[in-house]
Amino acid sequence: MSTRRIPIARQSISQADIDSVVETLRSDWLTTGPKVDQFEKSFCEFTGAKYAVAVMNGTAALHCAYHAIDLKPGDEVIVPAITFAATANAVLYNGAKPVFADVDASTLLINPDSVQALLSPRTKAITAVDYAGQPCDYGRLQSVAQLKGITLIADACHALGGSYNKAPVGTLAKLSTFSFHPVKPITTGEGGMITTDDQALASKMKIFRNHGITTDHRQREVNGTWEYDMVTLGYNLRLPDILCALGIEQLKRTRDLMAKRVLLAKRYHECLAGSSTVTPLGVNQNADHAYHLLIVKLAHHIDRQDVFGKLRALGIGAGVHYKPVYLHSYYQSLGYKQGQCPVAEENYSRIMSLPIFPDLPIGEVDRICDQLLEICRSY
Ligand SMILES: *Cc1c(COP(=O)(O)O)cnc(C)c1O
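> Even after reading the chapter, I still don't get the site of the ligand, so can you show me in this structure?
Neighbouring the ligand are 16 residues, the closest being Gly58, Thr59, His158, Ser179 and Lys184. Between Ser179 and the ligand, the recorded distance is 2.7 Å, taken from a side-chain N or O atom to an oxygen atom. Notes on the ligand: free accessible area 380 Å², of which the protein chains cover 92%. Listing elements by their share of the shell around the ligand, those giving two or more residues are α3 (58-68) and α4 (86-93). With 3 residues, the top contributor of residues to the shell around the ligand is α3. Grouping the constituent residues of the shell around the ligand by class yields 6 nonpolar, 8 polar and 2 charged.

> Mind showing me how you'd approach the pattern of salt bridges here?
When their charged atoms lie close together, side chains carrying opposite charge are able to pair. For the structure on display, the rule yields 19 salt bridges. Of the charged contacts, one joins Arg253 and Asp17 as a salt bridge, the two residues approaching to 2.9 Å between their closest N and O atoms. With Arg253 in the loop between α9 (241-252) and α10 (254-272) and Asp17 in helix α1 (residues 15-25), the pair connects residues that are 236 residues apart, well separated along the chain. With a relative accessible area of 18%, Arg253 lands in the buried category. Residue classification places Asp17 among the buried positions, given a relative accessible area of 0%. Residue Glu45 pairs with Lys41 through a salt bridge whose shortest N-O separation is 3.4 Å. Linking Glu45 with Lys41, this pair stays in helix α2 (residues 34-47), spanning 4 residues, or about one helical turn. One salt-bridge network, in which partners are shared between bridges, spans Lys266, Arg267, Glu270 and Asp366.

> Any chance you could explain the confidence of the model for the protein chain here in plain terms?
Any segment with low pLDDT has predicted coordinates that should not be analysed in fine detail. Across the protein chain, the average pLDDT comes to 97, with 99% of residues at or above 70. Across the protein chain, the secondary-structure element scoring lowest on mean pLDDT is helix α8 (residues 217-223), at 84, and the one scoring highest is strand β9 (residues 192-196), at 99.

> Is there a simple way to explain the sheet that holds strand β2 (residues 76-80) in this structure?
In a beta sheet, neighbouring strands are held together by backbone hydrogen bonds and run either parallel or antiparallel to one another. Overall, mixed pairing links the 7 strands, which are arranged β1-β9-β8-β5-β4-β2-β3 in an open sheet. In this open sheet, the two strands that pair with only one neighbour each are β1 (51-55) and β3 (97-101). Averaged over neighbouring strand pairs, the angle between their axes works out to 20 degrees when direction is ignored. One ladder, built from 3 bridges, connects strand β5 (residues 151-155) with strand β8 (residues 175-179); its direction is parallel. The partner of Ala154 across the bridge, within β8, is Ser176. Strands β4 (123-129) and β5 of the sheet are contacted by helix α6 (residues 138-148), whose axis makes an angle of about 150 degrees with β5. Along the sheet, helix α7 (residues 199-208) makes contact with β1, β8 and β9, crossing β1 at roughly 15 degrees.

> Explanation requested: helix α14 (residues 362-377) in the structure shown.
Because each turn of an α-helix spans 3.6 residues, side chains separated by three or four positions in sequence point in the same direction. Under the 1.5 Å per step criterion, the end-to-end length of α14 is 23 Å for 16 residues, consistent within 8% with the ideal 22 Å. When α14 is considered as a whole, its buried residues turn out to be Glu364, Val365, Arg367, Ile368, Cys369, Gln371, Leu372, Leu373, Ile375 and Cys376.

> Help me understand the environment of Val22, please; the structure alone is not making it clear to me.
Relative to the assigned elements, Val22 resides in helix α1. Relative accessible area serves as the criterion here: at 31%, Val22 is assigned to the partly exposed category. C-alpha separation for the pair Val22 and Ile248, spaced 226 residues apart in sequence, amounts to 13 Å.

> What is the right way to read unusual backbone geometry from this model?
Only a minority of non-glycine residues have a phi that is not negative, and only a minority of peptide bonds are not trans. With an omega of -5 degrees, the peptide bond running from His321 to Tyr322 counts as cis. Within the element layout of this structure, Tyr322 appears in the loop between α11 (304-313) and α12 (329-333). A positive phi is found at Asn165, a non-glycine position, where the angle reads about 50 degrees. With respect to the secondary-structure elements, Asn165 resides in the loop between β6 (163-164) and β7 (167-168). Positive phi values are uncommon outside glycine, yet Tyr291 reaches one of about 45 degrees. Tyr291 sits in the buried class, given a relative accessible area of 10%.

Analysis parameters
- Residues numbered from 1 in each chain as written.
- Predicted model: local features only at pLDDT ≥ 70, side-chain atom pairs only at ≥ 80, totals over all residues.
- Heavy atoms only, no water.
- Near = heavy atom within 4 Å.
- Polar contact = N/O pair within 3.5 Å; in protein donor to acceptor, adjacent residues only side chain to side chain.
- Areas by Shrake-Rupley, 256 points an atom, 1.4 Å probe, with all protein chains shown as cover.
- Helix = DSSP H or I, 4+ residues; strand = E, 2+ residues; numbered from the N terminus.
- Nonpolar A, V, L, I, M, F, W, Y, C, P; charged D, E, K, R; others polar.
- Salt bridge = Lys/Arg side-chain N within 4 Å of Asp/Glu carboxyl O.
- Buried < 20%, exposed > 50% of the residue type's maximum accessible area, 1.4 Å probe, protein only.
- pLDDT = per-residue confidence, 0-100.
- Pairing = 2+ DSSP bridges.
- Axes fitted to C-alpha atoms, helices over the stretch in contact; angles between N-to-C directions.
- Contact = heavy atoms within 4.5 Å.
- Expected span 1.5 Å × (residues − 1).

So, in structure tokens, the structure goes:
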């Protein structure tokens, strides 16, 4: 038996990644330079979106997207109960109210029926989350959004490289947001991106990420002027050239990195097939799943905390993604009540995330599943 610790997630860094960062460190521009444009252009080519705006992380990407649609106090945004807190937090940054929709019991993706039931005159947007890397039901979500004249946003932080009915993630909503944290499909250490086909929204986000100023340092140098105007209250959300250089190289490997994840997921599904105690989440026929996370549901009689501890003792990383956002104490302090999304809450008590990352040797999946199934037999 191997004694190597297996983390739940890990970045994959190549020599080309390292060389590209070092080369940028020796260049004239560490930030707001040519690598930003190049990363954005490559991202457009990869996703098929018309515009891409690079920012410092996935949370900043959501903040920009909500700013772009003029989200303000009194507005509501429907978000899934099961997501990383940032999806809802960025709604609060704009003074608006997150409204939590329940999820589908099989995939744990936002349930369009639940969205429909929560629509109100104050609903400004729906933010769908491609949870675990599986694109949501964009067909139905688009029709709900169009019928109501509200904006559909895709929090695609898990799903770069995926697709829905063959249409790539990044083109499935009015605005799509990405994260390049080390656990995500590609990494820049910290980083984020928003894609859109709408030029006006892209331009608003480029101004917002740069203090609300209409030109950046390099544009002023090119134009031979010192003058600039601040037209709105923005922030400094810029992604440095050093990190864009890493992103450009990582992006070239997205297909390869995702293919490795898909193979690992396939092996998990094979190893767990027929188990009555451990069941992987459902996968929709028309979705190409990017497998950011490999999530299983444990049977009701299994003590998840105990399983977590036993896996940990064996050197196998595990986790839970995610606690329904409104159950966090901050959201409870805002008045959100337990019980509002019963499917999310019931599933939250049983889900567990297992190790999946491109450099995980496929043989380790067999070992992880063997040990997990053996632990589960003991209850
Ligand atoms: C990671 C993540 C974010 C936030 O991204 P950061 O880069 O960590 O700020 C937002 N939404 C989801 C669904 C995420 O997984």
